[in-house]
Amino acid sequence: MSNQQTYNVAVVGATGAVGRKMLETLEKRQFPINELKLLSSKRSAGKTLTYNNQTYTVEEATPESFEGIDIALFSAGGGVSKKFAPEAVKRGAVVVDNTSAYRMDGNVPLVVPEVNEADIKDHKGIIANPNCSTIQMVAALQPLKAKYGLKRIIVSTYQAVSGSGAEAIEELKTQTEDFLNGDDMKAELLPVKGEDKHYPIAFNALPQIDVFTDNGYTFEEMKMINETKKIMHDETINVAATCVRLPVFTSHAESVYVELDDTPSVEEIKTLLASSDGVTLQDKPEEQIYPTPLAAAGLPDVFVGRIRKDLNQENGYHMWIVSDNLLKGAAWNSVQIAESLVKNHWL
Ligand code: NAP
Ligand code: 3JN
């Protein structure tokens, strides 16, 4: 019999696009679970989900749901985290929160383990998982920052609809079928649920993810800017972002321009990234090898390719970064944080 310590784990938002990937990832990693509790809103209470070939009944989340829970993985929206994360902490759980509710809170570590795992130990009950677009970018850029210094990032994203949840996946499917059948496409959700205007996502590209802020950037863009500085512990990095939604189901892609302090060769950068944790280099233009969203889907790594020097700026470099937004961008990063809590005795 194994003496391995096991933990009571709650997944909040278990029926959602991210929650389902959380379950898949916990199972794949054989996370040491004693009891598993699957929580959702009243709507899905009573539904069943399988984990390790066992059937679990989903329950409505209430404050009492967290009695006896050691680790709670939240991905049910910021409002749910604001309401229930403190209740979970009060009852002794450590929360790994996938929403933006606490990301910029000075008392809450914001963690991508390949970048700032040590920040986890300072938690006071809640650890925040960054936005998916931020995670894949900082995971790829941290090795460059550590070795060559990082002054500036300009990023344009090409984001999958699964970042907007299960309903957005359905909207892309339905619009695609309607368009191919010669029917009108109904746009009811994207770019942002509840906003005045909606545009079809099928066969389209929408330069709006989340609502606009007063400075003309969207919240998604501001998340990338602010979260990058917090995770990298560097307020001096200049970051600009343009976030775009594409008719892709899974994996976000990013065209990234960086200016470094130093001027390494492209070969030096490739060698560094090829040996970096969580990063896979796919960069052989002569063989048309570069990352794509379809190929990255279902895999935990951050894929980097198309690395080249800027033609005018000596310390400027361009690259293409792709990762499964529901795995490294959400579920896998959260489970990595949970694994680190356990491994380092930081619970
Ligand atoms: P989704 O597919 O729409 O799923 C939403 C989940 O939240 C469902 O399980 C839903 O349960 C649950 N939920 C909704 N209201 C609830 C309530 N009052 N109490 C308890 N559970 C409730 O959305 P998703 O794509 O999985 O995303 C969920 C959240 O994760 C997002 O809002 C966001 O905050 C976060 N997220 C983070 C990233 C990232 O970048 N790290 C990426 C995507 C999402 P029902 O089945 O009962 O409706
Ligand atoms: O749109 C994407 O590709 C990522 C979306 C993330 C998201 C969606 C709804 C609410 C977030 C997030 O994690 O930043 C939130 C939120 O919690 O603010």
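This one's a predicted model, so the numbers in the text were calculated from it and none came from an experiment. (Residues numbered from 1 in each chain as written. Chains lettered and ligands numbered in written order. Predicted model: local features only at pLDDT ≥ 70, side-chain atom pairs only at ≥ 80, totals over all residues. Heavy atoms only, no water.)

### Side note on unusual backbone geometry
Okay, so step 1: For the bond running from Leu-190 to Pro-191, omega is 10°, close enough to zero to count as cis.
Okay, so step 2: Position of Pro-191 among the secondary structure elements: in the loop between α5 (166-180) and α6 (219-231).
Okay, so step 3: With phi around 55°, Phe-203 is a residue other than glycine that occupies positive phi space.
Okay, so step 4: As for its placement among the helices and strands, Phe-203 is situated in the loop between α5 and α6.
Okay, so step 5: Positive phi outside glycine occurs at Asp-210, with the angle close to 75°.
Okay, so step 6: With respect to the helices, strands and loops of the structure, Asp-210 is situated in the loop between α5 and α6. (Helix = DSSP H or I, 4+ residues; strand = E, 2+ residues; numbered from the N terminus.)

### Description of the packing of helix α4 (residues 132-148) against helix α7 (residues 266-274)
Okay, so step 1: Packing of α4 against α7 brings their axes to within 10 Å, and their N-to-C directions diverge by 120°. The orientation of α4 with respect to α7, classified from their angle, is oblique. Where α4 crosses over α7, the handedness of that crossing is right-handed. Mapping the contact onto sequence places Ala-140, Pro-143, Leu-144, Lys-147 and Tyr-148 in α4 and Glu-268, Ile-269, Leu-272 and Leu-273 in α7.
Okay, so step 2: Of the residues that constitute the contact of α4 with α7, the class distribution is 7 nonpolar, no polar and 2 charged. (Axes fitted to C-alpha atoms, helices over the stretch in contact; angles between N-to-C directions. Parallel < 35°, antiparallel > 145°, perpendicular 65-115°, else oblique. Left-handed = near helix turned anticlockwise from the far one by under 90°. Contact = heavy atoms within 4.5 Å. Nonpolar A, V, L, I, M, F, W, Y, C, P; charged D, E, K, R; others polar.)

### Digging into the side chain of Ser-75
Okay, so step 1: Following the sequence through the fold, Ser-75 ends up in the loop between β6 (71-74) and α2 (78-90).
Okay, so step 2: Given a relative accessible area of 15%, Ser-75 falls into the buried group.
Okay, so step 3: Residues contacting Ser-75, with those up to four places away along its chain left out, are Val-12, Gly-13, Val-18, Gly-19, Met-22 and Asn-98. (Buried < 20%, exposed > 50% of the residue type's maximum accessible area, 1.4 Å probe, protein only.)

### As for the sheet that holds strand β2 (residues 33-40)
Okay, so step 1: Read from one edge to the other, the open sheet built from 6 strands follows the order β5-β2-β1-β6-β7-β8, with strand pairing classed as parallel. Only two strands of the sheet have a single partner each, and these edge strands are β5 (59-60) and β8 (126-128).
Okay, so step 2: Two elements, β2 and β5, share 2 bridges in a ladder whose sense is parallel. From the neighbouring strand, Ser-40 faces β5, where its bridge partner is Glu-60. (Pairing = 2+ DSSP bridges.)

### A short note on the UniProt feature "binding site: phosphate" (unreviewed entry) in the protein chain
Okay, so step 1: Using the residue numbers shown here, the UniProt feature "binding site: phosphate" (unreviewed entry) corresponds to Arg-103.
Okay, so step 2: For Arg-103, the location among the structural elements is in the loop between β7 (94-97) and α3 (113-116).
Okay, so step 3: Taking the relative accessible area as the measure of exposure, Arg-103 reaches 5% and is therefore buried.
Okay, so step 4: Sequence-distant contacts of Arg-103, defined by excluding residues within four places in its chain, comprise Asn-98, Val-108, Leu-110, Ala-128, Asn-129, Pro-130, Asn-131, Lys-223, Glu-227 and Lys-230.
Okay, so step 5: Within the local environment of Arg-103, its side chain forms a polar contact with the backbone oxygen of Thr-99, the two atoms lying 3.2 Å apart. (UniProt positions renumbered as here; feature names shortened; annotations may be inferred. Polar contact = N/O pair within 3.5 Å; in protein donor to acceptor, adjacent residues only side chain to side chain.)

### What to know about the UniProt feature "active site" (unreviewed entry) in the protein chain
Okay, so step 1: Following the UniProt record, the feature "active site" (unreviewed entry) maps to Cys-132 and His-252 here. The greatest C-alpha distance among the annotated residues, which extend across 121 residues, is 8.1 Å, indicating that they converge on a single site.
Okay, so step 2: Tracing the chain through its elements places Cys-132 in helix α4.
Okay, so step 3: In this structure, His-252 sits in strand β11 (residues 252-260).

### Describing α7
Okay, so step 1: Buried within α7 we find Val-266, Ile-269, Lys-270, Leu-272 and Leu-273. Along α7, the residues classed as buried sweep out an arc of 165° about the axis, all on the same side. Projecting away from the buried face of α7 at angles above 90 degrees are the exposed residues Glu-267 and Thr-271.
Okay, so step 2: Tucked inside the fold, the buried residues of α7 contact α4, β11, β12 (279-281), β13 (302-309) and β14 (316-323). (Arc of directions from axis to C-beta.)

### Things to note about the environment of Lys-42
Okay, so step 1: Looking at where Lys-42 falls in the secondary structure, it is placed in the loop between β2 and β3 (48-51).
Okay, so step 2: Using a relative accessible area of 62% as the deciding quantity, one classes Lys-42 as exposed.
Okay, so step 3: Between the C-alpha atom of Lys-42 and that of Ala-61, which follows or precedes it by 19 residues, the distance is 7.8 Å.

### Comments concerning the site of ligand 2
Okay, so step 1: Surveying the vicinity of ligand 2 reveals 13 residues, the closest of which are Ser-100, Arg-103, Gln-159, Lys-223 and Arg-245.
Okay, so step 2: The contact in question runs from an oxygen atom of ligand 2 to an N or O atom on the backbone of Gly-163, over 3.5 Å.
Okay, so step 3: At 2.9 Å, a side-chain N or O of His-252 approaches an oxygen atom of ligand 2.
Okay, so step 4: Here ligand 2 has 420 Å² of accessible area as a free molecule, and 74% of this is covered by the chains.
Okay, so step 5: Across the shell around ligand 2, the residue classes tally to 2 nonpolar, 7 polar and 4 charged. (Near = heavy atom within 4 Å. Areas by Shrake-Rupley, 256 points an atom, 1.4 Å probe, with all protein chains shown as cover.)

### A look at α5
Along an α-helix, residues three or four positions apart point the same way, because every turn accommodates 3.6 residues.
Okay, so step 1: Along its 15 residues, α5 runs 22 Å from first to last C-alpha, staying within 8% of the 21 Å computed at 1.5 Å per residue.
Okay, so step 2: For α5, the set of buried residues is Ala-168, Ile-169, Glu-171, Leu-172, Gln-175 and Asp-178.
Okay, so step 3: Of the residues flanking the end of α5, it is Gly-182, one or two places downstream, whose phi is positive at about 80°. (Expected span 1.5 Å × (residues − 1).)

### Considerations on the nonpolar core
Okay, so step 1: The biggest cluster of nonpolar side chains holds 56 residues, and the ones touching the most others in it are Phe-66, Phe-74, Leu-141, Ile-153, Val-256, Val-258 and Met-319.
Okay, so step 2: A per-element tally of this core places α4 first, with 8 residues.
Okay, so step 3: Setting aside its immediate chain neighbours within four residues, Phe-74 contacts Val-12, Phe-66, Val-80, Ser-81, Phe-84, Ala-85, Ala-88, Val-95, Val-96, Asp-97 and Asn-98.
Okay, so step 4: Ranked by size, the runner-up nonpolar core spans 33 residues in total, among them Leu-73, Val-96, Ile-127 and Val-342. (Core = buried A, V, L, I, M, F, W, Y, C linked by side-chain atoms within 4.5 Å.)

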